[in-house]
Amino acid sequence: MAQHIAQKLRLTSALLGTVTRKDLAAAFRAVNPKTAFDLGRADKWLQGRARPRQMSVYDDWAKLLELEQPSAWIAESDLASFTAAIAARHGIDSAELERRAGVQFEASAHDERGLGSGLAGTYACYSRAWSPYYRGQLIKGRLSIEAGPGAHGLAATYRETLPTGQLLLGGPVNPAKRGLYVHLKEAGGDAQFFLCLFPQTQPVSVLGGYMCGAAIIGPEAQPSITRILLVRLRDAAFGAETWGGYLPAGGSIAGDLTSLGIAVEHPETIDRQLEQFLGADSGGANQIPPADFRAILNVFDRHWLQHAG
């Protein structure tokens, strides 16, 4: 039974002097060009979320460390024995090796969490309504980002006030160099939204991008996508009890933000700018009419059934 894999990999990295995960993967490739140790899986292994299932990884690991013990021993040994064995094999003090591994892990964790720097807070969200009953209107949501589990230590909670009641979704926030991703799932339900946003820039006053999901209120299921704008609030509690729902047709976003304590100069100009951003794609919400998909489905269903068996 494999155990302490994340800690053993950090100790290995400290011993080899590899700075990044790419360097560690390169070290494995040096002993076996076809190694099953790859960056995608290594991320999970180093975070303790998974363990290598292929024995060949442990075979390559044993060659890399030049150990006399069998590869299975790397997987099954306790942490103290593993540390002592590799320290003795390479002539380094165990305490010094542990210190190096600890410093390296803290630096790596800092880099990962640094991508999410400054995101924590509460945001007023504006996007095009997906419901056919509110076509052309904007809906207001509220997104809160705070400390949570996961590699980046951030979690989001998203709320919408609908005529049918409160919609509440939550999930991890994953900042990356080329985007900010938030996967939200309904608490006690099956609704899911996915936000793909531009990477944040300091001081993180606003975020923007796309929201993907399905309409909550409507007679038919429709995969949907719309642009979304998230404006950061200085006072998270400001207007919390009464704010939300659909913005009245022709309503002012700038005026709405004023009610939340964000009074902008030249509100008419701001409204035009925000309206242009939110409505740039196909007049707002981009949806596939169910009839369009059913027509294609009918063709391929018939073909599949005719050639079944």
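Being a predicted model, the structure only gives us computed values, none of them experimental. (Residues numbered from 1 in each chain as written. Predicted model: local features only at pLDDT ≥ 70, side-chain atom pairs only at ≥ 80, totals over all residues. Heavy atoms only, no water.)

### A few points about the packing of helix α1 (residues 5-16) against helix α6 (residues 79-89)
How we decide: Note on method: axes are straight lines fitted to C-alpha atoms, helices fitted across the in-contact stretch only, with angles between N-to-C directions ranging 0 to 180 degrees. Segments assigned H or I by DSSP are reported as helices when at least four residues long, segments assigned E as strands when at least two residues long, and all are numbered from the N terminus. If an angle is under 35 degrees, it is roughly parallel; if it is over 145, roughly antiparallel; if it lies from 65 to 115, roughly perpendicular; otherwise it is oblique. By convention, the crossing between two helices is left-handed when the near helix turns anticlockwise from the far helix through less than a right angle, and right-handed when the turn is clockwise. It only takes one pair of heavy atoms within 4.5 Å for two residues to be counted as in contact. For this scheme, ten residues count as nonpolar: Ala, Val, Leu, Ile, Met, Phe, Trp, Tyr, Cys and Pro. Four count as charged, namely Asp, Glu, Lys and Arg, and the remainder, Gly too, count as polar.
Two elements in contact, α1 and α6, have axes separated by 10 Å at closest approach and are oriented at 15 degrees. As far as their axial angle goes, α6 and α1 are roughly parallel. The element α1 and its partner α6 pack so that their crossing is right-handed. Between α1 and α6, the contacting residues are Gln-7, Lys-8, Leu-11, Thr-12 and Leu-15 on the first element and Leu-79, Phe-82, Thr-83 and Ile-86 on the second. Its residues assigned to classes, the contact of α1 with α6 shows 5 nonpolar, 3 polar and 1 charged.

### What about the pairing of strand β6 (residues 192-197)?
Stated formally: Burial classes: relative accessible area under 20% of the type maximum marks a residue as buried, over 50% as exposed, and values in between as partly exposed (1.4 Å probe, protein chains only). When DSSP finds two or more bridges between a pair of strands, those strands are recorded as paired.
Of the two faces of β6, the one holding Phe-193, Leu-195 and Leu-197 is buried and the one holding Gln-192, Phe-194 and Cys-196 is not buried anywhere. Across 6 bridges, strand β5 (residues 179-186) lies against β6 in antiparallel orientation. Across the sheet, residue His-183 finds its bridge partner in β6, namely Phe-194. As defined by bridge partners, β6 adjoins strand β7 (residues 206-214) across 4 bridges and the pair is classed as antiparallel. Pairing of Leu-195 across the sheet is with Met-211, part of β7.

### Regarding the state of the cysteines
The following threshold applies: Note on disulfides: each one is a pair of cysteine sulfur atoms within 2.5 Å.
The full count for this structure, using the stated rule, is 0 disulfides. Left without a disulfide partner, Cys-196 is nearest to the cysteine sulfur of Cys-212, which lies 9.8 Å away.

### Details of helix α4 (residues 55-65)
Helical geometry: 3.6 residues make up each α-helical turn, so side chains three or four residues apart lie on a common side. Buried residues of α4: Val-57, Tyr-58, Asp-60, Trp-61, Ala-62, Leu-64 and Leu-65, and no others. For α4, the elements touching its buried residues are α1, α2 (21-31), α3 (39-46), α5 (71-76) and α6. Immediately beyond the C-terminal end of α4, within one or two residues, lies Glu-66, with a positive phi of roughly 55 degrees.

### Some thoughts on unusual backbone geometry
In this structure, His-4 is a non-glycine residue whose phi angle is positive, near 60 degrees. On the secondary structure map, His-4 appears in the segment before α1. Classification of His-4 by relative accessible area gives partly exposed; the value is 31%. The backbone of Glu-66 sits at a positive phi, close to 55 degrees, despite the residue not being glycine. Structurally, Glu-66 can be placed in the loop between α4 and α5. For Glu-66, a relative accessible area of 45% gives the class partly exposed.

### Structural notes on a nonpolar patch on the surface
Filter applied, for reference: Note on patches: the residues involved have over 30% relative accessible area and no salt bridge, like charges join within 9 Å, and the nonpolar side chains Val, Leu, Ile, Met, Phe, Trp and Tyr join within 5 Å. The Shrake-Rupley method, run with a 1.4 Å probe, gives the accessible areas here. Residue values count only the displayed protein chains as cover. A pair is scored as a salt bridge if a Lys or Arg side-chain nitrogen falls within 4 Å of a carboxyl oxygen belonging to Asp or Glu.
Together, Ile-288, Phe-293 and Leu-297 make up an exposed nonpolar region whose accessible area comes to about 280 Å². In this fold, Ile-288 is placed in the loop between β10 (286-287) and α10 (290-306). Since its relative accessible area comes to 47%, Ile-288 is described here as partly exposed.

### Section: the pattern of salt bridges
What the rule picks out here adds up to 6 salt bridges. Glu-96 is paired through a salt bridge with Arg-99; the nearest N and O atoms lie 2.9 Å apart. In this pair, Glu-96 and Arg-99 are both assigned in helix α7 (residues 94-114), 3 residues apart and thus about one turn of the helix distant. The residue Glu-96 makes a salt bridge to Arg-100 at a minimum N-O spacing of 3.1 Å.

### Side note on the environment of Glu-275
Heads up, the condition is: Each polar contact in these results corresponds to two N or O atoms within 3.5 Å; when the atoms are within protein, one needs to be able to donate a hydrogen and the other to accept it, and residues that are neighboring in sequence are counted only if both atoms are side-chain atoms.
Following the sequence through the fold, Glu-275 ends up in helix α9 (residues 267-278). Within the local environment of Glu-275, its side chain forms a polar contact with the side chain of Arg-128, the two groups lying 2.4 Å apart.

### Things to note about the environment of Asp-60
Mapping Asp-60 onto the fold places it in helix α4. Put simply, Asp-60 and Thr-35 are 25 residues apart on the chain and 7.1 Å apart in space, counted from C-alpha to C-alpha. Apart from the residues within four sequence positions on either side, Asp-60 is in contact with Phe-28, Val-31, Asn-32, Thr-35 and Ala-36.

### Observations concerning the side chain of Ser-131
As for its position among the elements, Ser-131 is in the loop between β1 (121-128) and β2 (138-147). Contact partners of Ser-131, with chain neighbours within four places excluded, come to Ala-215, Ile-217 and Tyr-246.

### Structural notes on the confidence of the model for the protein
Filter applied, for reference: What pLDDT expresses is the predictor's confidence in each residue, scored from 0 to 100.
Residues of the protein with pLDDT of at least 70 account for 89%, and the chain-wide mean is 85. When pLDDT is averaged over each helix and strand of the protein, the minimum, 64, is found for α7 and the maximum, 95, for β6.

### Topic: the packing of aromatic side chains
The condition that has to hold: Paired rings are identified among Phe, Tyr and Trp, the last through its six-membered ring, by centres lying within 6.5 Å, and are further divided according to the angle between planes into stacked (under 30 degrees), edge-to-face (over 60) and tilted (the rest). Any Lys NZ or Arg CZ that is within 6 Å of a ring centre and within 35 degrees of that ring's normal is treated as a charge sitting over the ring.
Following the criterion strictly, the structure yields 10 aromatic pairs and no others. Ring centres of Phe-28 and Phe-37 lie 4.1 Å apart, and the angle between their planes is 10 degrees; this geometry places the pair in the stacked category. We note that Phe-28, like Phe-37, is buried. Through successive ring pairs, a cluster of aromatic residues spans Phe-28, Phe-37, Trp-45, Tyr-58, Trp-61, Trp-73 and Phe-82. Its end group placed over the ring of Phe-277, Arg-227 keeps NZ or CZ at 5.1 Å from the ring centre.

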